[in-house]
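The chain contents come next:
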Amino acid sequence: MQQPYEPSGAGGAGRVLVVDDDPTVAEVVAGYLDRAGYTVDRADDGPTALTRAAAHWPDLVVLDLMLPGMDGLEVCRRMRGHGPVPVIMLTARGDEDDRILGLEVGADDYVTKPFSPRELVLRVESVLRRTRPATGARPLGAAGLTVDPAARRATKNGTELALTLREFDLLAFFLRHPGRAFGREDLMHQVWGWDFGDLSTVTVHVRRLRGKVEDDPARPRLIQTVWGVGYRFEPGGREEADGP
């Protein structure tokens, strides 16, 4: 892949690339997605996944973390280097460190094995629904940051930010609610649309977002930690003590 690719938009609900070296898992997942109206491509290793993505850029990737030769983390990094694409990572149950690593490299969501294929389809639908432009939504702005929900674009001091799907939604939410403190549970419900889940997902995304919008992420002024509560967006940029 030499340059970014645009989402295909082909096939009813969109194109999904399923990457898993377990043929049974891949077949079941692909079958459920196909019945839900998606165009499905499959790959059983990292290099094949990159080749398939180059030929037909997917609207979303379902990516197993443990792959032969090139693991899912490296596949995710390389894909993200060539174009924006939502990624749902498949991880083994209990491997919290691996899940956090997946989120750190930009995965938008994860599902732990064993999982319900029906649940995975719902997660796919949820993620893709959030990639669609918000028709009629007004641009948001504060502290040199602007977010245009209709165009799905964000800038800092006029320079476009390379945000993942969840990072974009999180920044837009903060801009809509300046000065208000939100717990991680609140953010998970409001931004992710989940009623329950691993709260480290929120922590990792806040840390990643700080790395892109703060002048000094080690001393965040905009996205501040409210101890015992969660986080607050401060357009005035008052410096806080070091936080997670």
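Positions within a chain are numbered from 1, following the residues in the order the chain's sequence is written. In keeping with the model being predicted, local features are shown solely for residues with a pLDDT of at least 70 and side-chain atom pairs are shown and tallied solely at 80 or more, while totals for entire chains, interfaces and linings include all residues. Side-chain numbers here rest on the full set of heavy atoms in the structure, without hydrogens or water.

### Here we look at the environment of T225
- In this description a helix means any DSSP run of H or I spanning at least four residues, a strand means any run of E spanning at least two, and both kinds are numbered starting from the N terminus. With respect to the element layout, T225 can be found in strand β11 (residues 223-226).
- Measuring from C-alpha to C-alpha, the distance between T225 and F182 comes to 9.7 Å, with 43 residues separating the pair along the chain.

### Observations regarding the nonpolar core
- The nonpolar core is taken to be a set of buried Ala, Val, Leu, Ile, Met, Phe, Trp, Tyr and Cys residues, with the residues joined through side-chain atoms within 4.5 Å. Only protein chains enter the calculation, and the probe is 1.4 Å; a residue is then buried if its accessible area is under 20% of its type maximum, exposed if over 50%, and partly exposed in between. Counting residues in each nonpolar core, the largest one holds 27 residues, and the members touching the most others are V147, L170, L171, F174, L187, L209 and F233.
- Of all elements in the fold, only β6 (140-142), β7 (145-148), α6 (165-176), α7 (184-192), α8 (200-213) and β12 (230-233) reach the threshold of two or more residues within this core.
- Here the element with the most residues in this core is α6; it accounts for seven residues.
- Filtering out sequence-adjacent residues up to four positions away, V147 remains in contact with P139, L140, R153, A154, F168, L171, A172 and L175.
- Counting residues in hydrophobic clusters, the runner-up holds 24 residues, among them A53, V61, C76 and Y110. By the convention used here, residues are in contact when the closest approach between their heavy atoms is within 4.5 Å.

### Brief notes about the side chain of E167
- Within the fold, E167 resides in helix α6.
- Within the structure, E167 has its side chain in polar contact with the side chain of K212 (distance 2.7 Å).
- Apart from residues no more than four positions distant in its own chain, E167 is found in contact with A162, H205, R208, L209 and K212. Counting of polar contacts relies on pairs of N or O atoms within 3.5 Å, with two restrictions inside protein: one atom must be capable of donating a hydrogen and the other of accepting it, and residues adjacent in sequence are counted only when both atoms are side-chain atoms.

### With respect to the packing of helix α5 (residues 117-131) against α6
- Two numbers describe how α5 lies on α6: the axes approach to 10 Å, and their chain directions differ by 60°. With respect to their mutual orientation, α5 and α6 come out oblique. Where α5 crosses over α6, the two elements pack in a sense that is left-handed. Listed contacts from α6 to V127, R130 and T131 of α5 are L165, R166 and D169.
- Classification used: nonpolar for Ala, Val, Leu, Ile, Met, Phe, Trp, Tyr, Cys and Pro, charged for Asp, Glu, Lys and Arg, polar for all others including Gly. Counted by class, the contact of α5 with α6 contains two nonpolar, one polar and three charged residues. To get an axis, a line is fitted to the C-alpha atoms, and for a helix only the part in contact is used. The angle between two axes follows their N-to-C directions and goes from 0 to 180 degrees. For classification, angles of less than 35 degrees are called roughly parallel, those exceeding 145 degrees roughly antiparallel, those between 65 and 115 degrees roughly perpendicular, and all remaining angles oblique. Throughout, a crossing is termed right-handed when the near helix is turned clockwise from the far one, and left-handed when it is turned anticlockwise from it by less than a right angle.

### Overview of the pairing of β7
- Only one face of β7 is covered, namely the one carrying L145 and V147; the face carrying T146 and D148 has none of its residues buried.
- With three bridges joining them, β6 and β7 adopt antiparallel strand pairing. Paired with G141 across the two strands is T146, which belongs to β7.
- Remark: two residues form the turn of the hairpin made by β6 and β7, two consecutive strands paired antiparallel; A143 in that turn has positive phi of roughly 55°.
- Here β7 pairs with strand β8 (residues 153-156) via four bridges, running antiparallel. Paired with T146 across the bridge in β8 is T155.
- Strands pair, by our definition, only if DSSP identifies at least two bridges between them. Between β7 and the antiparallel strand that follows it, β8, lie four residues; R152 among them carries a positive phi value of about 55°.

### Quick word on the environment of C76
- Its location among the elements puts C76 in helix α3 (residues 72-80).
- Relative accessible area serves as the criterion here: at 1%, C76 is assigned to the buried category.
- Separated by twelve residues in sequence, C76 and I88 have C-alpha atoms that sit 9.9 Å apart.
- The contact partners of C76, leaving out residues within four places of it in the chain, are L63, V87, M89, V105, G106 and A107.

### As for the packing of aromatic side chains
- Stacked, edge-to-face and tilted labels apply to pairs of Phe, Tyr and Trp rings (six-membered ring for Trp) whose centres lie within 6.5 Å, assigned for plane angles under 30 degrees, over 60, and everything in between, in that order. Taken as a whole and assessed by the stated rule, the structure comprises one aromatic pair.
- Stacked on the ring of Y32, the Lys or Arg R35 has its end atom at 4.8 Å from the ring centre. For a ring to carry a charge above it, either NZ of a lysine or CZ of an arginine must fall within 6 Å of the ring centroid while also lying within 35 degrees of the normal to the ring plane.

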